[in-house]
Structures are given as structure tokens and as C-alpha cells.
Amino acid sequence: MRGILIKSAFFIILLFLMIGFLFFRKDEYKEKPSEEQSQIQQEEVQDGKVIRELTEEDKIKRLAETFASIYYSYSWGNFSNIESQYYQMTDEMMSRAKEGVEKMKKNNENQSQKYFTVRASLIDSEFLSYNKNIVKIGVNLSIDNFAGAIVQRDTMVWVDEIGNYYNGDLKNLITNTINKNIQIELIKIEDKWKVDEIMEIELRIKN
């Protein structure tokens, strides 16, 4: 009887070991996707539609577009539009940007609070030059100037230019819109592209 129990116990342990082995090895026996299937999986999917995989040129262009849109969007006394972009800059540009931010902060120290906001949105962009390690991209922005800003009261709220709570259509706070054409130079450092210079080329007031 004891021998039967030992054999039964041994059999049960062996069975569990086999089940565990098969469970942890199951991924090795899955059918590997074909090269074509792998390509599709790497492609970007948006709204249920397959979009082509982003090329390096696409990624560089998006970097420049996003950088410019953030860089030119700000409100009085808030420099996060520049500070949040330090990691996208070369060391030389970051040093210049930090120096500029510190000067602006110092100039604002003795000034009363002002309520205005500047928001930039992308119109279009194009490569001006492209080689292995240096790229220049022209970016066109539409920039709205608002006579008001978001401030912290009980919650985050919009106020008009004199600081009164505003609950109307934000379009009514726009004082003018400017089209700004800028040029961004990016340098490839190791495997990453960094913004090294940003220059304003043209300004046009729309209204």
C-alpha cells in the first residue's frame, strides 16, 4: 500500500512539472509573424486606420514643430515654455536660454502682475537643408495674443486683462493674431537630434 502511495505521489509531481514546463515554453511554439506582418505591427495605427511607419525625417520635423509651438506659447511670468524644453536643446543653446530666462525673471521682480497669454499653433513646416548631422527646418506659426490669462483662484480660471473672472468665449479675448516664420537648426549628437538655434525670419500681423 505504501509503495502505491509513493508511486502515486511521484506521478502527480511529475505531471505538475510537465504542465509547468509546457506552460512556460508555450510562447516558443507560437507561429512567428512573417516579415510583412512584422512591418504592419510596427506601423502607426490611428482611428482604426493603418498609417505608415514614421521615418527619421518625420520624427525630426515633428520635433521642430512641437518645439516651436511650445517655445512661443506663454503667459506673463511663466517661463515653462522655455524651461520645459531644455532637454531638447544642445548644451550651448540651453546655456543661452537659461541666461535669458534668468534676466526675464529679474526684470519681472518689481513689476505688478500682468494678465496676457500668447498661444502658438502650427501652420506648416518644411526642410530647408538636410544632411547627416545638421538639419534646418522652416516652421510657420499662427500666434494668438489674448488679453487675459489662466490663474489660480479657488481653481484654475480665466481672467481678463485687469484680473476679473472671465467666463465668455475666449476668442473675444484675442487682441491680434500674428503669423511668424521661424528657422530651427538641429544637430545630431550621438543618436539624438537637439535644437541648437532658433531664429525669427518674418512676422505678419493678421488683425
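Enquirer: Which residues make up the pairing of strand 7 (residues 156-160), and what are the values?
Expert: Judged by how many residues are buried, strand 7 sits mostly within the fold: four of five residues are covered. In this structure, the hairpin formed by strand 6 (residues 148-152) and strand 7 is closed by a connection of three residues.

Enquirer: I'd love a proper account of the nonpolar core, names of residues and values included.
Expert: Counting 27 residues, the largest nonpolar core has Ile184 and Leu186 as the members making the most contacts within it. For this core, the elements supplying multiple residues, two or more each, are helix 3 (56-71), helix 5 (91-108), strand 4 (117-130), strand 5 (134-146), strand 8 (174-189) and strand 9 (192-205). Here the element with the most residues in this core is helix 3; it accounts for six residues. Ignoring any residue separated from it by four or fewer positions in sequence, one finds Ile184 in contact with Ala64, Phe67, Ala68, Val135, Lys136, Ile137, Val139, Val195, Glu197 and Ile198.

Enquirer: Give a description of the pairing of strand 9 that names residues and reports values.
Expert: Pairing of strand 8 with strand 9 involves twelve bridges; the strand directions are antiparallel. Counterpart to Asn179 in the pairing with strand 9 is Arg204. Connecting the antiparallel pair strand 8 and strand 9 is a turn made up of two residues, with Glu190 showing a positive phi of about 55°.

Enquirer: Can you explain the packing of aromatic side chains? Please cite residues and give values.
Expert: Here the distance between the centres and the angle between the planes together describe a pair of aromatic rings. Enumeration according to the criterion identifies four aromatic pairs in this entry. Ring geometry for Phe67 against Tyr71: centres 5.5 Å apart, planes inclined by 20°, an arrangement best described as stacked. Residue Phe67 and its partner Tyr71 are located together in helix 3, separated by four residues, close to a single helical turn. Overall, Phe67 belongs to the buried group, its relative accessible area being 0%. Within the aromatic cluster, the residues linked to one another by ring pairs are Phe67, Tyr71 and Tyr72. Sitting over the ring of Tyr86, Lys98 keeps its end group 5.3 Å from the ring centre. Sitting above the plane of the Phe146 ring, Arg119 keeps its charged end 5.5 Å from the centroid.

Enquirer: Tell me about the pattern of salt bridges, residues and numbers included.
Expert: Opposite charge on two side chains permits pairing when their charged atoms draw close. Here the structure, examined in full by the defined rule, presents six salt bridges. The partner of Lys105 in a salt bridge is Glu83, with the nearest N and O atoms 2.9 Å apart. With Lys105 in helix 5 and Glu83 in helix 4 (residues 80-83), this residue pair connects regions lying 22 residues apart in the sequence. The class for Lys105 is partly exposed, based on a relative accessible area of 33%. For Glu83, a relative accessible area of 30% translates into the label partly exposed.

Parameters and conventions
Residues numbered from 1 in each chain as written. Predicted model: local features only at pLDDT ≥ 70, side-chain atom pairs only at ≥ 80, totals over all residues. Heavy atoms only, no water. Buried < 20%, exposed > 50% of the residue type's maximum accessible area, 1.4 Å probe, protein only. Helix = DSSP H or I, 4+ residues; strand = E, 2+ residues; numbered from the N terminus. Pairing = 2+ DSSP bridges. Core = buried A, V, L, I, M, F, W, Y, C linked by side-chain atoms within 4.5 Å. Contact = heavy atoms within 4.5 Å. Phe/Tyr/Trp six-rings, centres within 6.5 Å; stacked < 30°, edge-to-face > 60°. Lys NZ or Arg CZ within 6 Å of the ring centre and 35° of its normal. Salt bridge = Lys/Arg side-chain N within 4 Å of Asp/Glu carboxyl O.

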